[in-house]
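Understanding the architecture of this molecule
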Amino acid sequence: MRRANIVLAALAVLLTGSCGQTDDRPTLVIQRFFGECGAIYGTANDVAKAETECGILTTILNRFVIENPDIHVKVNVVAWPGYPQLAAQIAAGDPPDLVTMHQSVISDYQARGLLAPMDDLLAEAKIDTGTLTPAAQRGAMKNGRYYALPWDTIGRLWHINTGLMAKAGLMADGRPVLPNTPAELLDQARKFKRATGKPYLIQAQVSAPDYLVANLYTYLLAQDAVIFPDSRHIRLNTPQAREIVEMYRALNAEKLTTSQDFPGATASFLNGEGGIFPTGTWMIGPYHEASKAPGSRLDGYAVAPFPRLWGKNAAFVDGHAWVVPADERSVAERRAIARFLAFIAKYNGDWVRTGHLPAFRDVLVSPSFTSQPHRRDIAAMAATGQQLPDFVQRQSAIQGLIGEELEAAVTGTKPVSVALAHAERRVNELLAEMQEINRRTVVRQRPGHPDER
């Protein structure tokens, strides 16, 4: 009887299915972060009128759906940054086709074979990687191959209150006078404090372990320091690193800076309570608009890359990118991915309204970028922006460990050399653990090899 019921149920499914229309279109699952703004941009399709990261990207995706009716598009919006969900999807054998990913995270997935190389897909999309900016190329290439379509370059800038800088005599020809050496920075900071009674730097160091780390990386990269000699070791307890941290320690000891969380630091900068706020490229728009508001306490606004205090001009940067998780796909599905890559690359000039640097050289010199406020002032970062070597995994976790030790050094809780030695040891222990995990993963993936216990 049970067998008969199963047969009847199967026939019912077949009959039902034959009455409906089959969808032969390839399915393209696009997974992104940048927030949810469907209430405002859910049906918008005029990309030129969209604002904010969420609004611009949502509108671009809406246009892609409209212009590509032969592709069945599913868009998943994930909570920032979306990596726990992605890991679960990959573990379940059901990854999306395209995913937004920070360039600093790509190595975590690429090293385990979880991302598909994209050289052929980019070629099919007619995207010439030679047209990418140097910073974008460095962010998307891993082990000599492209594993992403870079979408932008992001990093920290000096956001400057020009009214207060003028009061301190640190303006010339309408531009801020920035230091060229660590000694000049301390001299300017003291002069600024005497003239204004306010701190020279506003720093969002609380609950942000990566803040001081980004500063340290920037000035080590400027000196061509080898921070990671190999995948198992970091090199931090060096004369170059000690000099950099000692400078920030002196700023803190003389109360030439602040230690706040990001909301507090932003409020201080907007209220004119300090001279310079080192924070992200994405804050250019909000701060520029605030400086133009009637009665604004941000009395004049300028922006610049970190000044060259050591070595050469350099900036520690990251970026957003589009990656393709490894999976078996049909020819039609790969063509849909390539079509999406070609489509979204055309809108890089719209994306840079967010404040991020473009991924393409032609956008960097186009009116869509240069006509926007302060963009010419930061364009050099598309060339000077650098990242850690592509074999460095778990960069966020590493920043957390270093950041704890740097905070102890800058606040005087630990001697600088001791803090850097502790940071070195802790990171090396983490890297050793990761190497062992990777080794076990490779062993388990060998055909016929028993799992290690």
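A quick note: this is a predicted structure, and the numbers were derived from the prediction, not measured.

Along any regular strand the residues' side chains alternate between the sheet's two faces. Along strand β7 (residues 154-161), 7 of the 8 residues are buried, which leaves the element largely enclosed by surrounding structure. When β7 meets strand β12 (residues 315-318), the two strands line up antiparallel, connected through 2 bridges. Among the inter-strand pairings, I154 is bridged to a residue of β12, identified as D318. The pairing of β7 with strand β10 (residues 276-280) spans 5 bridges and is classified as antiparallel. Paired with H159 across the bridge in β10 is F277. Taken together, the 4 bridges between β7 and strand β11 (residues 301-304) define a ladder with antiparallel strand orientation. Among the inter-strand pairings, I160 is bridged to a residue of β11, identified as A302.

Right, let's talk about the layout of surface pockets for a bit. Size it by volume and the largest pocket reaches roughly 1,000 Å³. Breaking the lining of the largest pocket down by element, the ones donating at least two residues are β7, α10 (210-222), β10, β12 and α20 (395-410).

Here we take up α10. With 13 residues, α10 ought to run about 18 Å at 1.5 Å a step, and its terminal C-alpha atoms sit 18 Å apart, in line with that. In terms of burial, α10 is largely enclosed, as 12 of its 13 residues are buried. Looking only at α10, the buried set comprises Y211, L212, V213, A214, N215, L216, Y217, T218, Y219, L220, L221 and A222. The elements touched by buried residues of α10 are β7, α11 (239-253), β10, β12, β14 (385-386) and α20. Trailing α10 by a residue or two, D224 shows a phi angle of about 55°, which is positive.

Running from N to C, α10 and α11 cross one another at 135°; their axes reach a closest spacing of 10 Å. By the angle between their axes, α10 is oblique relative to α11. The two elements α10 and α11 meet at a crossing, and its hand is right-handed. Seen from α10, the contacting residues are L212, N215, L216, Y219 and L220; seen from α11, they are Q240, A241, I244, V245 and Y248. Of the residues in the contact of α10 with α11, the class split is 8 nonpolar, 2 polar and no charged.

Turning to the sheet that holds strand β3 (residues 98-102), a few remarks are in order. Within a sheet, each strand pairs with its neighbour through backbone hydrogen bonds, oriented either parallel or antiparallel. What the 5 strands build is an open sheet, ordered β2-β1-β3-β13-β6; its pairing is mixed. Each edge of the open sheet is held by one strand with a lone partner, namely β2 (72-77) and β6 (149-150). Where strand β1 (residues 27-32) meets β2, 6 bridges bridge the pair, whose relative direction is parallel. Looking at the pairing, V29 lines up with K74 of β2. Most of the contacts of helix α3 (residues 53-67) go to β1, to which it runs at about 175°, and overall it touches β1, β2 and β13 (320-323). Helix α4 (residues 83-91) contacts β1, β2 and β3 of the sheet and is inclined by roughly 135° relative to β3.

Before going further, it helps to examine the confidence of the model for the chain. In this model, the chain carries a mean pLDDT of 91, and residues with pLDDT of at least 70 account for 91%. Counting contacts from residues 1-18, a segment whose pLDDT is below 50, to residues more than four positions away or on other chains yields 0 contacts. In the predicted structure, residues 445-453 sits below a pLDDT of 50 and forms 7 contacts with residues beyond four places in sequence or in another chain.

Helix length check: helix α14 (residues 331-345), at 15 residues, gives a terminal C-alpha distance of 21 Å against a target of 21 Å (1.5 Å per residue), a fit within 8%. Within α14 the residues assigned to the buried category are A336, I337, A338, F340, L341, F343, I344 and A345.

The peptide bond linking W80 to P81 adopts the cis configuration, its omega dihedral lying at -5°. Assignment of secondary structure puts P81 in the loop between β2 and α4. Not every positive phi belongs to a glycine, and T52 is a case in point at roughly 70°. Along the polypeptide, T52 turns up in the loop between α2 (38-41) and α3.

Next up on the list: the packing of aromatic side chains. The final tally for this structure, using the stated rule, is 22 aromatic pairs. Plain terms: the ring middles of F64 and F343 are 5.2 Å apart, the flat faces sit at 70° to each other, and that makes the pair edge-to-face. In this pair, F64 is assigned in helix α3 and F343 in helix α14, connecting sequence segments 279 residues apart. F343 matches F64 in its accessibility class, with the two residues each being buried. Where F343 meets Y347, the ring centres are 5.2 Å apart and the plane angle is 50°; that geometry is what we call tilted. The two residues F343 and Y347 agree in class, both being buried.

Here we come to the environment of R335. Along the chain, R335 falls in helix α14. Separated by 216 residues in the primary sequence, R335 and D119 have C-alpha atoms spaced 14 Å apart.

Reading the values: the criteria
- Within each chain, residue numbers correspond to sequence positions counted from 1 in written order.
- Confidence filtering applies because this is a predicted model: local features only for residues at pLDDT of at least 70, side-chain atom pairs given and counted only at 80 or more, and all residues used for totals across whole chains, interfaces and linings.
- Values shown for side chains rest on all heavy atoms present in the structure; no hydrogens or waters enter the calculation.
- Exposure is judged per residue with a 1.4 Å probe applied to protein chains only, and the accessible area is read against the type maximum: over 50% gives exposed, under 20% gives buried, and values in between give partly exposed.
- Comment: elements are numbered from the N terminus, with helices defined as DSSP H or I runs of at least four residues and strands as E runs of at least two.
- Any two strands with at least two DSSP-identified bridges between them are counted as paired.
- Computed over the protein atoms alone on a 1 Å grid, cavities are sets of points where a 1.4 Å probe fits but cannot get out and pockets are open sets with protein on both sides within 12 Å along at least five of seven lines; a residue lines them when it has an atom within 4 Å of a point.
- Grid points are joined across faces, edges and corners, and a volume is the space filled by probe spheres set on the points.
- Working rule for helices: expected span equals 1.5 Å times residues minus one.
- Every residue pair with non-hydrogen atoms within 4.5 Å of one another is taken to be in contact.
- Axis geometry follows a simple rule: fit a line to the C-alpha atoms, using only the stretch in contact for helices, then measure angles between N-to-C directions, giving values from 0 to 180 degrees.
- Our angle categories are set so that under 35 degrees counts as roughly parallel, over 145 as roughly antiparallel, 65 to 115 as roughly perpendicular, and the remainder as oblique.
- Less than a right angle of anticlockwise turn of the near helix away from the far helix marks a crossing as left-handed, whereas a clockwise turn marks it as right-handed.
- Under the convention adopted here, Pro, Cys and the residues Ala, Val, Leu, Ile, Met, Phe, Trp and Tyr are nonpolar, Asp, Glu, Lys and Arg are charged, and Gly plus all remaining residues are polar.
- Per-residue confidence from the predictor is reported as pLDDT, a score between 0 and 100.
- Two aromatic rings from Phe, Tyr or Trp, using only the six-membered ring of Trp, form a pair when their centres are within 6.5 Å; if the ring planes differ by under 30 degrees the pair is stacked, by over 60 it is edge-to-face, and anything between is tilted.

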